[in-house]
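This is what each chain is made of:
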Amino acid sequence: MCSRDGEKMKRMIGISLALLIILSGFYFISPTPSATPYSTPDSSVTWTMDDLVLNSPGTVTGGSGTYVITDHLYISPTDTITINPGEIIKFDSDVNLTVFGTLIADGDETNRITFTSNASSPAQGDWGCIKFEDSSDDAYCIINCSNIEYSNYGIYCEHASPTITNNTITLNLWFGIVCNASSPLIDNNTISSNFYYGISCGYPSKPIIKNNIISNHLVSGIFNMESDAEIDNNTITGGIMGIITILGAPTIKNCNISSNDPMGIMCTNASGINVTDNTMIDCEMMFVNSTINKLWLVDSIATTINCTYPIPNLDVDSSSVLYVQNYLHVKVIDDGDAPMKGALVNVTDGGTEIFSGETGADGYIRWIRVTDRTYLYSNSPTENKTGINVKNGSITFTCLTSADPSDINMFTSHLEIFKGSPGLAISLVYGWNLISIPTIQSDTNIGSVLSTISGSYDAVQWFDASDTLDPWKHNHTQKPPNMNDLDDIDQRIGFWIHVTEPGGVLFEYPGTPPAQNQKIALHPGWNLVGYPSLTSYNRTDGLNNITFGPDVDFIQWYDASTKTWHVMGKDDYFVKERGYWLHVTHECEWEVPL
C-alpha cells in the first residue's frame, strides 16, 4: 500500500472487522419454509411445469411458458422437475423451490429461463430461494442460462453440489449463491447487486468458482468461511472487499480484483492460502493471523515505483527473511502517445544498475525483476528504491517515484511476498529463450530440473565448448531418449529452451542458493555459460578473477521478450537467470562471485 495514513488504516480495519463479525452470521441462516410444502410423490416421476399445474393442487399455476409457484414446492428424492428453455417461473412471497431429487433448468442463450418475483413491483427478498438439499442428485442437477432475481438467497446449496453455469444472478437480498458444506461448479455467471455477498462458502465446502463476473455487493464479492474454494479467473469489483477469507485455505488465482474500497483481499485466521497471478487495481490487501503459501499479484497496488507493500503474516520465526519481489514493465511513449522503439532503459535498485536494454516496437521493456527484503520482526514495511533512466537520443529522463505520463508509463507488473530465497522463477516467452539457473541442483536430470514446465517446451540445447568435434548438445521431447545428448542441466551452463505455450510460461526452478563462488571452466573461443549468483555485479566485479580483454574479449546475451541481442559494456551488469556467450582468449577458469 502506498503512502497510506496509519490512523485511517486502523479505522478502516476496525470497520471491516466489525462488518465481518456482524455479517458472517447471516451465512448460517438456512431458508426453511414456515408452511407445509407441496411435495412431488417420490415415485421416480419426471415432471414438467405443465405437469405440476395439473397435479400440484394449486401450488403451481399458469401456463404457456409462464408459471407461478404459490407455496413451497419440494422435489422428492426420486423425482425430477425439468424446466424448459425460455420458461418464466414466478414465486409468491417467501416461497422456496427445494430440491431433494433432481432439478434440470437448462436454458440456452436465446431462450433463458427466468426465476423471479410474482410481485407487481418486484424488490429484493420477495421470495425465498432455490435450495438444493443433501439428497439431491449432484450429477444431474443443473441451473444453466437462467436469470435468478429478487429472492432472499438466490441459489442455496446445503450439502449439495449442482452445476451452476452461464446464469445472471442479481438483485437478491442476502447472497447470490450460498455453498454450505457444498462443492458445486460455479462457472461463467454474472453475479451482481445481491446486496451483501455475491457468493458465500462455508465449511467444509470446496466449490470451483471460475470465470464469473461478480460486482456491486455491499460487503464482498466472495465470502469464504472455513472453505477451501478454488477461485480462478473471476472479475470482482465494487464492494468493501473483493474476497474475504475467515479460516480455510482457498486458492485465489488469475482474478481481476478492482475498485473494492478499501480491500481487494482480506484473510483472517486463515492458513495455507494460495494467492497467485491476480490483478489488483485501486484496492489493498490485509492478512490478519493468517499464513499464505504464495502471494503473487499482477498490476498490483499502485502505478508508482517507490511503494510500500503490506507484509502478510507468513509462518516465520525471528530469523526468517521475507522478500518482496517485483517484476516491472516500462513503456516509453513520445509526446503523441505513440510507442517509442529503441529507447535505452537503465534500471537501478538502491543506486546499483540491475538492468539495461532497449524498448521493442511496442515501446516496452518487460519482466525487469527487482527484489528487496526485510525481517518480519522489524515491524517495518519493505520499500523498493528503484530508479529508472530512459534515454532517447540526447535526452535522458530520470524517474525515482512516479513517471511523467507525457514521457513514460511504468508500473509494477508482478508483486510477490514470500520467505526463503528470492528469484526462484523465470518468466519465459513463447519461442526461444536463453537462460541459466543460478541455484545448485540436487538432481541435474533435465526432466527433473524442468519438471514445473513439463509439456510447455519441446527443445533444449547447449553449446559445450569442451567438445570441439560436436559442441551442440540437444534434448528434444519428441525424440527417443537415445537420440538426445543433453541429459543434465546445472548452474554452470547457459542454455536455450524453446517454449511452446503461446502466452509464455513461468518456470519455477528448484535448487539452493550457492554458498561459495562457483567455478566454470572456459575454453578458447565461444562458451555458453550460466551466472550462478543471486547478486548483480558490473562487468569488472562479475568477472572477478579473470579480466576483460586479456581473458575474455566479448560478452553478449539475448533478450527473448524483445528478440534482441545485447553486448555487455563495462558499465553493464551480470544478472541472474541470464545465459551468456563469453568469447575467451585462452583456457581459464571463472570464479563467479556470490
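No experiment lies behind these values; they were computed from the predicted model shown. (Residues numbered from 1 in each chain as written. Predicted model: local features only at pLDDT ≥ 70, side-chain atom pairs only at ≥ 80, totals over all residues. Heavy atoms only, no water.)

A.B. asks: When you look at the overall build of the chain in this model, what are you seeing that I'm missing?
C.D. replies: Helices and strands together make up the secondary structure of the chain, namely four helices and 55 strands. Buried residues in the chain amount to 55% of all 594 residues. Looking at the chain alone, contacts between residues at least 24 apart form 57% of all its contacts between residues at least 6 apart. (Helix = DSSP H or I, 4+ residues; strand = E, 2+ residues; numbered from the N terminus. Buried < 20%, exposed > 50% of the residue type's maximum accessible area, 1.4 Å probe, protein only. Contact = heavy atoms within 4.5 Å.)

A.B. asks: I'm lost on a negative patch on the surface in this one. Help?
C.D. replies: Residues Asp443, Asp485, Asp487 and Asp488 make up a contiguous surface patch of negative charge. Looking at the secondary structure, you find Asp487 in the loop between strand 45 (472-476) and strand 46 (495-499). Taking the relative accessible area as the measure of exposure, Asp487 reaches 40% and is therefore partly exposed. (Patch = residues over 30% accessible without salt bridge, like charges linked within 9 Å, V, L, I, M, F, W, Y side chains within 5 Å. Areas by Shrake-Rupley, 256 points an atom, 1.4 Å probe, with all protein chains shown as cover. Salt bridge = Lys/Arg side-chain N within 4 Å of Asp/Glu carboxyl O. Lys, Arg positive; Asp, Glu negative; His and termini not counted. Charge placed at Lys NZ, Arg CZ, Asp CG, Glu CD.)

A.B. asks: What exactly am I supposed to notice about the pairing of strand 13 (residues 146-149) here?
C.D. replies: Two faces make up the sheet, and in a regular strand the side chains alternate between them. Residues Ser146 and Ile148 point to one face of strand 13 and Asn147 and Glu149 to the other, with burial holding for every one of them. Both strand 10 (residues 113-117) and strand 13 contribute to a ladder of three bridges, which runs parallel. By the bridge assignment for strand 13, Phe115 is matched with Ile148. Two elements, strand 13 and strand 16 (residues 168-170), share three bridges in a ladder whose sense is parallel. Residue pairing across strands places Ile148 opposite Ile169, the latter belonging to strand 16. (Pairing = 2+ DSSP bridges.)

A.B. asks: I'm lost on the sheet that holds strand 43 (residues 431-435) in this one. Help?
C.D. replies: Note: strands within a sheet are paired through backbone hydrogen bonds, in either parallel or antiparallel orientation. Taken in spatial order, the four strands make up an open sheet running 43-46-44-45, and their pairing is antiparallel. The outermost strands of the open sheet, each flanked by one partner alone, are strand 43 and strand 45. On average, adjacent strands in this sheet sit at an angle of 20° to one another, irrespective of strand direction. Taken together, the five bridges between strand 43 and strand 46 define a ladder with antiparallel strand orientation. Opposite Trp432, over in strand 46, you have His498 as the bridge partner. (Axes fitted to C-alpha atoms, helices over the stretch in contact; angles between N-to-C directions.)

A.B. asks: What's the story with the environment of Leu344 in this structure? I'm lost.
C.D. replies: Considering the arrangement of structural elements, one finds Leu344 in strand 35 (residues 344-349). By relative accessible area, Leu344 is classed as partly exposed at 31%. In this structure, the C-alpha to C-alpha distance between Leu344 and Glu358, residues 14 residues apart in sequence, is 4.5 Å.

A.B. asks: How should the side chain of Ser192 be read in this particular structure?
C.D. replies: As for its position among the elements, Ser192 is in strand 19 (residues 190-192). Dropping the residues within four chain positions of it, Ser192 is found in contact with Ile169, Thr170, Leu171, Ser215 and His217.

A.B. asks: Would you take a moment to explain the sheet that holds strand 49 (residues 525-529) for this structure?
C.D. replies: Within the open sheet, the four strands sit side by side as 49-54-51-52. Their pairing is antiparallel. Strands with a single pairing partner mark the edges of an open sheet, and in this sheet they are strand 49 and strand 52 (564-567). Taking each pair of neighbouring strands and ignoring which way they run, the sheet shows an average axis angle of 25°. As defined by bridge partners, strand 49 adjoins strand 54 (residues 580-584) across five bridges and the pair is classed as antiparallel. Of the residues in strand 54, the one forming a bridge with Leu528 is Trp581.

Geometric values such as these leave the question of function open.
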